[in-house]
Amino acid sequence: MATRGKNKANIEAVGGKKLTPATQMMGHGYDPFLSEGALKPPIFLTSTFAFESAAAGKRFFEHITGKRQGPADGLVYSRFNGPNQEIVEDRLALWDGADDALVFSSGMSAIATLMLALVGQNDVVVHSGPLYAATETLIARILSRFGVGFVDFPAGATREQIDDVLTRAQALADEKGGKVALVYLESPANPTNALVDVEAVRGARDAAFPGDHKPAIAIDNTFLGPLWQQPLKQGAELVVYSLTKYAGGHSDLVAGGVAGDQRLIDIIRPMRNTIGTICDPNTAWMLLRSLETLELRMSRAGENALKVCTFLRDHPKVEGLGYLGFIADPRQQDIFDRHCSGAGSTFSLFIKGGEEESFRFLDALKIAKLAVSLGGTETLASHPAAMTHLSVPDERKKALGITDNLVRISIGIEDADDLIADFAQALDAV
Ligand SMILES: Cc1ncc(COP(=O)(O)O)c(C=O)c1O
């Protein structure tokens, strides 16, 4: 918490009107008069912080080492925290209505720190599928070295299927002599846009674990969050972000975030302190700049995506679209209606043909850049089967619907008609 009780800048309501995060992004967590009146926070480039007294230093360390709960009421050392990172954390938590948040050096370091903090030797992770390929690698190939097992279920699974998966996970945990430690979701999933029923997962988790030990429910909210989906409202306890994407929003930084219940954040923070996965002050400052325009950027990108997908939907060279604005499956539509307030701007385009036709389309694009990643101001296009998911075995790719004719597109904030002209000429080249 950047303010430590001294900050007068945290205005939560005006004249009885509760402020929205879009307004709070301009001031929350920062008092200019603690920094010579600087309207924007300076970047605090320091590796360590001076204590006013030895007793204060001891008290701050009691927080760092977990002897006292909650964030420290003073700064100690930049591997643990710093003013720029604390202001971002305060602001990030607002979007999801979270108790608290943590920032990290990348989305993957956020996910790895979360898992190292919550999962022990011989425990079991239950996860939805598909997951971002590096997250699948982390669970299946790295945590498994420490005896961790996993059981996965398809994103659209029903309550009954999730009940069954949790029963199987408990049996595996009993066999290993560990516990079911974590339910880890990604929704919409990368790259298929398949949605997970978080409400059903929460119901199943609570029914399967009525006692004191309940595996935490964490969800990667990178594709729709924090504007179009706030899964803490559907019963998740932690949301995870690659802040590299929509939150950073300009394809010029790499960062990650976790927001959620204080009890869980207080378990993850000491792990971050130990392994040093916090983001640097300069990146935190850039994230502050980015969060000020988050609603504007995401809204425009969402409007653009609807226009572009409306054009693509009826094009003779398009086989189909994986766009959340045009869902065909009633189960997926039901989840969307209960969980999401917007269809996002990242979608799958299925070109008629295979890899050759898809590559021809990608190579012909002029405005859209051929690059992986998403959520930036510029439109990006990539080929998951040959790029981000190249390491995924063919059988699994097939099961997950990651086909050779799938092109993933992230729409930016350019003029929608210019983008449509670009897609039209690139499809002509196929
Ligand atoms: C859904 C999702 N989660 C996590 C990550 C990893 O984030 P980062 O690249 O910031 O480590 C990505 C990256 O593409 C992603 O798409």
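### Some details on the layout of surface pockets
When its volume is computed, the second largest pocket comes out at roughly 320 Å³. Glu 12, His 28, Ala 93, Leu 94 and Ala 98 are, among the 15 residues lining the second largest pocket, the residues nearest its centre. Looking at the lining of the second largest pocket, the elements with two or more residues in it are α1 (21-24) and α3 (83-96). Residue contributions to the lining of the second largest pocket peak at three residues, all from α3. Here the residues of the lining of the second largest pocket are counted per class, giving six nonpolar, four polar and five charged.

### Structural notes on the pattern of salt bridges
If you walk through the whole model with that rule in mind, you get 22 salt bridges. Its salt-bridge partner being Asp 206, residue Arg 202 comes within 2.9 Å of it at the nearest N-O pair. Pair noted here: Arg 202 and Asp 206 are both in helix α7 (residues 198-208), with a separation of four residues, about one helical turn. The residue Arg 269 makes a salt bridge to Asp 266 at a minimum N-O spacing of 3.1 Å. Residue Arg 269 and its partner Asp 266 are both found in helix α8 (residues 262-275); the two are separated by three residues, about one turn of the helix. Relative accessible area serves as the criterion here: at 11%, Arg 269 is assigned to the buried category. Each of Asp 197, Glu 199, Arg 331, Asp 334 and Arg 338 takes part in a single network of salt bridges with overlapping partners.

### Here's the deal with a nonpolar patch on the surface
A contiguous nonpolar patch, built from Leu 370, Val 372 and Met 387 and spanning about 240 Å² of accessible area, is present on the exposed surface. For Leu 370, the position within the fold is in strand β12 (residues 369-370).

### A short note on the sheet that holds β12
The strand order β10-β11-β14-β13-β12 describes an open sheet built from five strands, whose pairing is mixed. Looking along the sheet, the strands with just one partner apiece sit at the ends: β10 (318-322) and β12. Inspection of the sheet shows strand β11 (residues 346-351) paired to strand β14 (residues 406-410) by five bridges, in the antiparallel sense. Residue pairing across strands places Phe 350 opposite Leu 406, the latter belonging to β14. Where helix α12 (residues 355-364) meets the sheet, its contacts fall on β11, β12, β13 (380-382) and β14, and the angle it forms with β14 comes to roughly 30°.

### Comments concerning the site of the ligand
Around the ligand, 14 residues are found, and the nearest of them are Met 108, Asp 220, Ser 242, Thr 244 and Lys 245. Contact between the ligand and Met 108: an oxygen atom at 2.8 Å from a main-chain N or O atom of the residue. Residue Thr 244 places a side-chain N or O atom 2.6 Å away from an oxygen atom belonging to the ligand. Burial of the ligand by the protein chains amounts to 90% of its free accessible area of 390 Å². Of all the elements, helix α4 (residues 107-118) adds the most residues to the shell around the ligand, at three residues. When grouped by side-chain class, the residues that make up the shell around the ligand number five nonpolar, six polar and three charged.

### Describing the sheet that holds strand β3 (residues 100-104)
Spatial strand order, β3-β9-β8-β7-β6-β4-β5: seven strands in an open sheet with mixed pairing. The strands lining the two open edges of the sheet, one partner per strand, are β3 and β5 (149-154). Here the strands of the sheet are splayed against their neighbours by 20° on average, with no regard to which way each runs. Sheet analysis places strand β6 (residues 180-186) next to strand β7 (residues 216-220), joined by five bridges and oriented parallel. By the bridge assignment for β7, Tyr 184 is matched with Ala 218. Helix α5 (residues 133-142) rests against β4 (124-129), β5 and β6 of the sheet, and its axis sits at about 150° to β4. Against the sheet, α7 makes contact with β5, β6 and β7, and its axis sits at roughly 165° relative to β7, the strand it touches most.

### What to know about the nonpolar core
Core analysis: the biggest nonpolar cluster contains 86 residues, and Phe 347, Leu 349 and Phe 361 have the highest contact counts within it. When residues in this core are grouped by element, the largest group, six residues, is from helix α10 (residues 294-313). Three or more residues apiece are contributed to this core by two domains, here domain 1 (86-291) and domain 2 (294-428). Every residue in contact with Leu 349, bar those within four places of it in the chain, is listed here: Leu 312, Val 318, Gly 320, Leu 321, Phe 361, Asn 405, Leu 406, Val 407 and Ile 409. Judged by nonpolar contacts, the second largest core, of 25 residues, contains Leu 102, Leu 138, Ala 216 and Val 240.

### Let's talk about the domain arrangement of the protein
The assigned domain composition of the protein is domain 1 (86-291) and domain 2 (294-428). For domain 1 and domain 2, the distance between their C-alpha centres works out to 24 Å. At the junction of the two partners, domain 1 supplies 39 residues and domain 2 supplies 40 residues. Buried surface at the junction of domain 1 and domain 2, summed over both partners, amounts to about 3300 Å²; 56% is from carbon and sulfur atoms. Taken as a group, Pro 191, Trp 228 and Tyr 246 account for 22% of the area that domain 1 buries against domain 2, more than any other trio of residues on that side. Counting across the interface, domain 1 meets domain 2 through five salt bridges. The salt bridge involving Glu 136 is made with Arg 396; its shortest N-O contact spans 2.9 Å. Along the contact surface separating domain 1 from domain 2 lie 23 residue pairs in polar contact (both at pLDDT 80 or more).

The rules behind these values
Residues numbered from 1 in each chain as written. Predicted model: local features only at pLDDT ≥ 70, side-chain atom pairs only at ≥ 80, totals over all residues. Heavy atoms only, no water. 1 Å grid on protein atoms, 1.4 Å probe; cavity = no way out; pocket = protein on both sides within 12 Å on 5 of 7 lines; lining within 4 Å. Points joined across faces, edges and corners; volume = space filled by probe spheres on them. Helix = DSSP H or I, 4+ residues; strand = E, 2+ residues; numbered from the N terminus. Nonpolar A, V, L, I, M, F, W, Y, C, P; charged D, E, K, R; others polar. Salt bridge = Lys/Arg side-chain N within 4 Å of Asp/Glu carboxyl O. Buried < 20%, exposed > 50% of the residue type's maximum accessible area, 1.4 Å probe, protein only. Patch = residues over 30% accessible without salt bridge, like charges linked within 9 Å, V, L, I, M, F, W, Y side chains within 5 Å. Areas by Shrake-Rupley, 256 points an atom, 1.4 Å probe, with all protein chains shown as cover. Pairing = 2+ DSSP bridges. Contact = heavy atoms within 4.5 Å. Axes fitted to C-alpha atoms, helices over the stretch in contact; angles between N-to-C directions. Near = heavy atom within 4 Å. Polar contact = N/O pair within 3.5 Å; in protein donor to acceptor, adjacent residues only side chain to side chain. Core = buried A, V, L, I, M, F, W, Y, C linked by side-chain atoms within 4.5 Å. Domains from an automatic or database assignment. Buried area = accessible area lost by both parts, 1.4 Å probe.

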